[in-house]
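Structural overview
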Amino acid sequence: MSDLRELYQQLILDHSKKPRNFRKLEGANRTADGHNPLCGDEITLYLQVEDDVIRGIGFQGSGCAISRASASMMTDSVKGKTRAEAQRLFERFHDLVTGENEGRDPADLGKLAVFSGVKEFPVRVKCATLSWHTLRAALEGKGETVSTE
Ligand code: ZN
């Protein structure tokens, strides 16, 4: 288990140092802002949605390693997915980091499973889920700032 944990930490570190899709997306037709006042994490998410599919995605912002790595992996994970698929992934991810539905196989989460350790640090759950809450707001097109509080 400790080897696995180390691998997870390396992945999170890698994504936090070199976040994927870290840019303002030209041609975005949906955006949303997210804020986690508990930690100071901020994110602006840009989506290009066509025919209910997330064709393009990018984000900007600042925050802790967990929030950056989570946003980076979230954007990688939902690109090319439909709105419903992205929503299902969010629910699975949320269960993972909050420790709900423990018995379920995290394999379908792919590399997002690296965040399973977050459930041991409740204060970090909001860091890990901020980008996902922001994604949902962008998909719903509410155009308001999401706060984890
Ligand atoms: Zn944070």
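Computed from a predicted model, the values in this text were never measured in an experiment. (Residues numbered from 1 in each chain as written. Predicted model: local features only at pLDDT ≥ 70, side-chain atom pairs only at ≥ 80, totals over all residues. Heavy atoms only, no water.)

**Notes on empty space enclosed by the protein**
The criterion, for reference: Computed over the protein atoms alone on a 1 Å grid, cavities are sets of points where a 1.4 Å probe fits but cannot get out and pockets are open sets with protein on both sides within 12 Å along at least five of seven lines; a residue lines them when it has an atom within 4 Å of a point. Grid points are joined across faces, edges and corners, and a volume is the space filled by probe spheres set on the points. Secondary structure elements are defined from DSSP: runs of H or I of at least 4 residues count as helices, runs of E of at least 2 residues count as strands, and each element is numbered from the N terminus. As a working rule, the residues Ala, Val, Leu, Ile, Met, Phe, Trp, Tyr, Cys and Pro are called nonpolar, Asp, Glu, Lys and Arg charged, and the rest polar, with Gly in that last group.
The full count for this structure, using the stated rule, is one cavity of 30 Å³ or more. When its volume is computed, the largest cavity comes out at roughly 90 Å³. Glu42, Ile43, Ser67, Arg68 and Ala71 are, among the 14 residues lining the largest cavity, the residues nearest its centre. Top element by residues in the lining of the largest cavity is strand E3 (residues 53–62). It accounts for four residues. In terms of residue class, the lining of the largest cavity is made up of five nonpolar, six polar and three charged.

**Things to note about helix H2 (residues 65–78)**
This is how it is decided: Take the number of residues in a helix, subtract one, and multiply by 1.5 Å to get its expected span. Exposure classes here rest on a 1.4 Å probe applied to the protein chains alone. A residue is buried below 20% of its type maximum, exposed above 50%, and partly exposed in between.
Its 14 residues give H2 an end-to-end C-alpha distance of 20 Å, which sits within 8% of 20 Å, the value for a rise of 1.5 Å per residue. With eleven of its 14 residues buried, H2 lies for the most part within the structure. Among all positions in H2, only Ile66, Ser67, Ala69, Ser70, Ala71, Ser72, Met73, Met74, Thr75, Ser77 and Val78 are buried. In the segment just after H2, glycine 80 is the residue with positive phi, at about 90 degrees.

**Considerations on the packing of helix H3 (residues 83–98) against helix H4 (residues 125–140)**
Operational definition: For helices, the fitted axis covers only the stretch in contact; all axes are lines through C-alpha atoms, and the angles between them, taken along N-to-C directions, range from 0 to 180 degrees. Note on angle classes: values under 35 degrees are labelled roughly parallel, values over 145 roughly antiparallel, values of 65 to 115 roughly perpendicular, and the remainder oblique. Should the near helix be turned anticlockwise from the far one by less than a right angle, the crossing is termed left-handed; should it be turned clockwise, right-handed. We call two residues in contact whenever any of their non-hydrogen atoms come within 4.5 Å of each other.
The geometry of H3 relative to H4 is characterised by a closest axis approach of 10 Å and an angle of 160 degrees between their N-to-C directions. As far as their axial angle goes, H4 and H3 are roughly antiparallel. For the pair H3 and H4, the crossing hand works out as left-handed. Note on element contacts: H4 touches H3 through Val125, Ala128, Thr129, Trp132, His133, Leu135, Arg136 and Leu139, opposite Arg83, Ala86, Gln87, Leu89, Phe90, Phe93, His94, Val97 and Thr98.

**Points about the environment of glycine 40**
Position of glycine 40 among the secondary structure elements: in the loop between strand E1 (30–36) and strand E2 (41–50). Residue classification places glycine 40 among the partly exposed positions, given a relative accessible area of 36%.

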